[in-house]
Amino acid sequence: MEYAGEQRLFRFANKLHGWTHRAFLPRSGAAALSRAKQGLLVGNVTVIGAQWGDEGKGKIVDWLASRADMVVRFQGGHNAGHTLVVGDQTYKLSLLPSGIVRGTPSVIGNGVVLDPWALKAEVERLSEQGVEVTPQVLRIAETCPLILPIHRDLDGLREDASGAGKIGTTRRGIGPAYEDKVGRRAIRVCDLAHLGELGPLLDRLCAHHDALRAGFREPPVDRDRLLHDLAEIADFVLPFAGPVWRDLDEARGRGRRILFEGAQGVLLDVDHGTYPFVTSSNTVAGTTGSGSGMGPGAAGFVLGIAKAYTTRVGSGPFPTEQDNDIGQKLGERGHEFGTVTGRKRRCGWFDAVLVRQAVAVSGVTGVALTKLDVLDGFETVKICIGYRIGGERFDYLPPHAADQMRVEPVYEEIEGWPGSTRGARSWADLPARAIKYVRRVEELIRCPVALVSTSPERDDTILVRDPFAG
Ligand code: IMP
C-alpha cells in the first residue's frame, strides 16, 4: 500500500516538475524529487509553544528552518517575539517567519493579522542588518486582515479602562483586528488593490468603531486619513501578496518540507488557554490548516516547546508562580524579559499539569525542553503534578478564571543536580539527576522529549528524535 502511494507521489511530483512555476517557488525541485524517487516521504513540522509563549522557540525554529523548504506563520501577528542568533548577529522578529533570515521562502498565512506599517518597519530593520526581504522570499496571503491604527488605539483604550480585568496585552491591536475579521468588517490585504471600492466596507467598519470611540470620548475615525495611509502603504505590501494556499498546494505536490511556525503558546489559545487572559487567535497546532489554507493534515510532526520551568507575561492565573527569591533567580538566570514589550516575565516551577493539557489539546508528537541550564545549582527543584481547591483534587486546570486563580499546586520535589548542564550536547554530558528530571517530566506530561536545549547556541542541543524524520 505504502509503496503504491509513494509511486503515485513520484508520478505527481514528476508531472508538477514539468509545469512552469512562479518565481516564488525555488527551482531546486531536484532534491524533493530525489527524495520522492527514493521512496522517502517527507513530512511537515509544526512548532508551537506548550506554555504561555516565550519558551525559546526562536533557536529551535531557526535550526528547523535551515532544513525546511518553506516556513509558514499561520496565526497571531506582530505580538510574537522571536529572537534568532545567527553567527554574531541577533535578529528580533515579530511578524516575519523565521526562515526569512536565512533566505528560506517564507509565508504569512491568512490566519495572521497583518500590520502593514509594522511589516515595513521590520523589513527595513532587517535590511539594515543585511537581510533583504523581497517578494521572491516572502509571500503574504491576499486574505490577511489588516491591523489598522484604530485597532492599536482601541487595544490601549480598553486596557486602560479595564481596571482589574486588564489582560496585559501587547497593545498592538491584535484583539480588535481579529474581532473585525469575524465581525466581517476587516480591511484585508486584497483591499489594498481596491481602495476605490472600499466605501461600503468602510461604512461598516466606521459604524462599529465610531460608536466604540465615542464611548471613550475619542473622535470618529478619520476616513480620509485612513484611506491616505492605506494608499501610501499599499505599494509596499502588494508585491508580496498572492494566493498563498496555491503556493502551498504546489509545494505539497512537490514534496516540500514545510515548517509551520506557531506564535505565543497553547495556554494563550483563545479556546484552550486561560481565558480571558489569552490572545485572540487559536495557537494550537490544529490551526495550521485553516490559517494557511492547507487542510487538516498539514501539521505533520508537532513539536511542542516547553521551558524546564514556567514563565508568563501579562496578567492572569499562574499556579506555580514564585513571586519570591526563587522567581527572581529564575528570571535573572533565564534573562526573562519580553522580546516585544521588554516587560519582565513572571517566573515559576515547571507545571506538568498544564503542559500535559497543552500536549493533549494540541496533539503534540514530541516536546523540546529548553533552558534546562537555568535550573542548574538549585538544591531542590519542584514540579507541579496536580492542583487542590480546598479538599478537591484536580488533574487538569479548571476552566473558570476564579478557580484558576484559586488552585493550589501539589508539588513533587526532586533533588537538584550539582554541576552544569550548560552546553550539553549528549545525555552523557548531563548530570544523572538532570536526566532524572527530564525523564520525570516526560512521564508526567505523557509525551516523549524529542530534544533538550542547553544554551542559546544552536549546537548546544541534545537531539533524541529529528522531527523532520517523522
Ligand atoms: P495580545 O496578543 O497582544 O492581545 O495579548 C494577549 C496576551 O497574550 C497578553 O497576556 C500578552 O502578554 C500575551 N502574549 C501575546 N503575544 C505573546 C508572545 O509572543 N509571548 C508571550 N505572551 C504573549
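Parameters at a glance
Residues numbered from 1 in each chain as written. Predicted model: local features only at pLDDT ≥ 70, side-chain atom pairs only at ≥ 80, totals over all residues. Heavy atoms only, no water. Axes fitted to C-alpha atoms, helices over the stretch in contact; angles between N-to-C directions. Helix = DSSP H or I, 4+ residues; strand = E, 2+ residues; numbered from the N terminus. Parallel < 35°, antiparallel > 145°, perpendicular 65-115°, else oblique. Left-handed = near helix turned anticlockwise from the far one by under 90°. Contact = heavy atoms within 4.5 Å. Nonpolar A, V, L, I, M, F, W, Y, C, P; charged D, E, K, R; others polar. Near = heavy atom within 4 Å. Polar contact = N/O pair within 3.5 Å; in protein donor to acceptor, adjacent residues only side chain to side chain. Areas by Shrake-Rupley, 256 points an atom, 1.4 Å probe, with all protein chains shown as cover. Salt bridge = Lys/Arg side-chain N within 4 Å of Asp/Glu carboxyl O. Buried < 20%, exposed > 50% of the residue type's maximum accessible area, 1.4 Å probe, protein only. Core = buried A, V, L, I, M, F, W, Y, C linked by side-chain atoms within 4.5 Å. Pairing = 2+ DSSP bridges. Right-handed = clockwise from strand over helix to strand, strands pointing away. 1 Å grid on protein atoms, 1.4 Å probe; cavity = no way out; pocket = protein on both sides within 12 Å on 5 of 7 lines; lining within 4 Å. Points joined across faces, edges and corners; volume = space filled by probe spheres on them. Expected span 1.5 Å × (residues − 1).

Caption draft 1: Region of the structure containing the packing of helix α4 (residues 116–128) against helix α8 (residues 223–237). It is the contact of α4 with α8, at a shortest axis distance of 10 Å, that shows an interaxial angle of 45 degrees. By the criterion of interaxial angle, the relationship of α4 to α8 is oblique. The element α4 and its partner α8 pack so that their crossing is left-handed. Packed against α4, whose contacting residues are Pro116, Trp117, Leu119, Lys120 and Val123, the element α8 presents Asp229, Leu230, Ile233, Phe236 and Val237 at the interface. Class assignment of the residues belonging to the contact of α4 with α8 gives a composition of eight nonpolar, no polar and two charged.

Caption draft 2: Just the site of the ligand, in detail. Close contacts around the ligand come from 16 residues, with Asp54, Asn79, Thr170, Thr279 and Arg343 the closest. Glycine 168 is positioned with one of its backbone polar atoms (N or O) 3.4 Å from an oxygen atom of the ligand. A distance of 2.6 Å is found between an oxygen atom of the ligand and a side-chain nitrogen or oxygen belonging to threonine 279. Contact with the protein chains hides 97% of the accessible area of the ligand, taken as 470 Å² for the molecule alone. Split into classes, the residues belonging to the shell around the ligand amount to six nonpolar, eight polar and two charged.

Caption draft 3: Structural detail: the pattern of salt bridges. Applying the stated criterion across every chain yields a total of 26 salt bridges. In this structure, arginine 152 engages aspartate 115 in a salt bridge whose closest nitrogen and oxygen atoms are separated by 3.7 Å. Placement of the pair is arginine 152 in helix α5 (residues 149–161) and aspartate 115 in the loop between β5 (106–108) and α4, with a sequence separation of 37 residues. Here aspartate 180 and arginine 185 are joined by a salt bridge, their closest N and O atoms 2.5 Å apart. For aspartate 180, a relative accessible area of 1% corresponds to the buried category.

Caption draft 4: Focus on the nonpolar core. Formed by 93 residues in total, the largest nonpolar core has its most connected members in Ile108, Leu119, Phe350, Leu375 and Tyr437. Once residues within four sequence positions are removed from consideration, tyrosine 437 is found in contact with Ala308, Phe350, Leu372, Leu375, Val381, Ile383, Ile414 and Trp417. Trp63, Leu259, Ala450 and Phe468 belong to the second-largest nonpolar core, a separate cluster that totals 17 residues.

Caption draft 5: Here's a closer look at the sheet that holds strand β17 (residues 449–453). Strand order in the open sheet formed by 10 strands is β7-β6-β5-β2-β8-β1-β9-β13-β17-β18, and the pairing between neighbours is mixed. This sheet does not close on itself; its edge strands, each paired only once, are β7 (241–242) and β18 (461–463). For strand β6 (residues 138–141) and β7, the ladder comprises two bridges, and the chain directions are parallel. Bridge pairing links alanine 141 to glycine 242 in β7.

Caption draft 6: Summary view of the pairing of β6. Judged by which residues are buried, β6 turns out to be covered on both faces: Leu138 and Ile140 on one side and Arg139 and Ala141 on the other are all buried. Pairing of β5 with β6, which is carried by three bridges, proceeds in the parallel orientation. Among the inter-strand pairings, isoleucine 108 is bridged to a residue of β6, identified as isoleucine 140. A crossover links β5 with its parallel partner β6, the connecting element being α4, and its sense is right-handed.

Caption draft 7: Quick look at the packing of α5 against helix α7 (residues 199–215). Where α5 contacts α7, the two axes come as close as 11 Å, and the packing angle between them is 30 degrees. One element, α5, and the other, α7, form an angle in the roughly parallel class. The crossing of α5 and α7 is left-handed. Contacts from Ile150, His151, Asp153, Leu154 and Arg158 in α5 reach Leu205, His209, Leu212 and Arg213 in α7. Here the contact of α5 with α7 is composed, by residue class, of four nonpolar, two polar and three charged.

Caption draft 8: Spatial organisation of unusual backbone geometry. Between tyrosine 275 and proline 276 the backbone carries a cis peptide bond, its omega angle lying at 5 degrees. Positive phi, close to 60 degrees, is recorded for arginine 184, a residue that is not glycine. Here arginine 184 is to be found in the loop between α6 (174–182) and α7. Look at arginine 184 and you get exposed, because its relative accessible area is 67%. In this model, lysine 371 sits at a positive phi of 55 degrees, which is unusual for a non-glycine residue. Following the sequence through the fold, lysine 371 ends up in the loop between β13 (366–370) and β14 (380–389).

Caption draft 9: Structural view of the environment of threonine 310. Along the chain, threonine 310 falls in strand β10 (residues 310–312). Residue threonine 310 is classed as buried on the basis of its relative accessible area of 2%. Between the C-alpha atoms of threonine 310 and phenylalanine 350, which are 40 residues apart in sequence, the distance is 5.2 Å. Ignoring any residue separated from it by four or fewer positions in sequence, one finds threonine 310 in contact with Gln51, Trp52, Phe318, Thr320, Arg346, Cys347, Gly348, Trp349, Phe350 and Asp351. In terms of polar contacts, threonine 310 uses its side chain to reach the backbone carbonyl oxygen of tryptophan 349, at 2.7 Å.

Caption draft 10: Main features of empty space enclosed by the protein. Scanning the entire structure with this criterion turns up two cavities of 30 Å³ or more. Lining the second largest cavity, in full, are Lys59, Ile60, Trp63, Arg458 and Thr461.

Caption draft 11: Spotlight on α8. Spanning 15 residues, α8 covers 20 Å between terminal C-alpha atoms, matching the ideal 21 Å at 1.5 Å per step. All of the buried residues along α8 are Leu226, Asp229, Leu230, Ile233, Ala234, Phe236 and Val237. Turning to α8, the residues buried within the fold contact α4, α5, α7 and β7.

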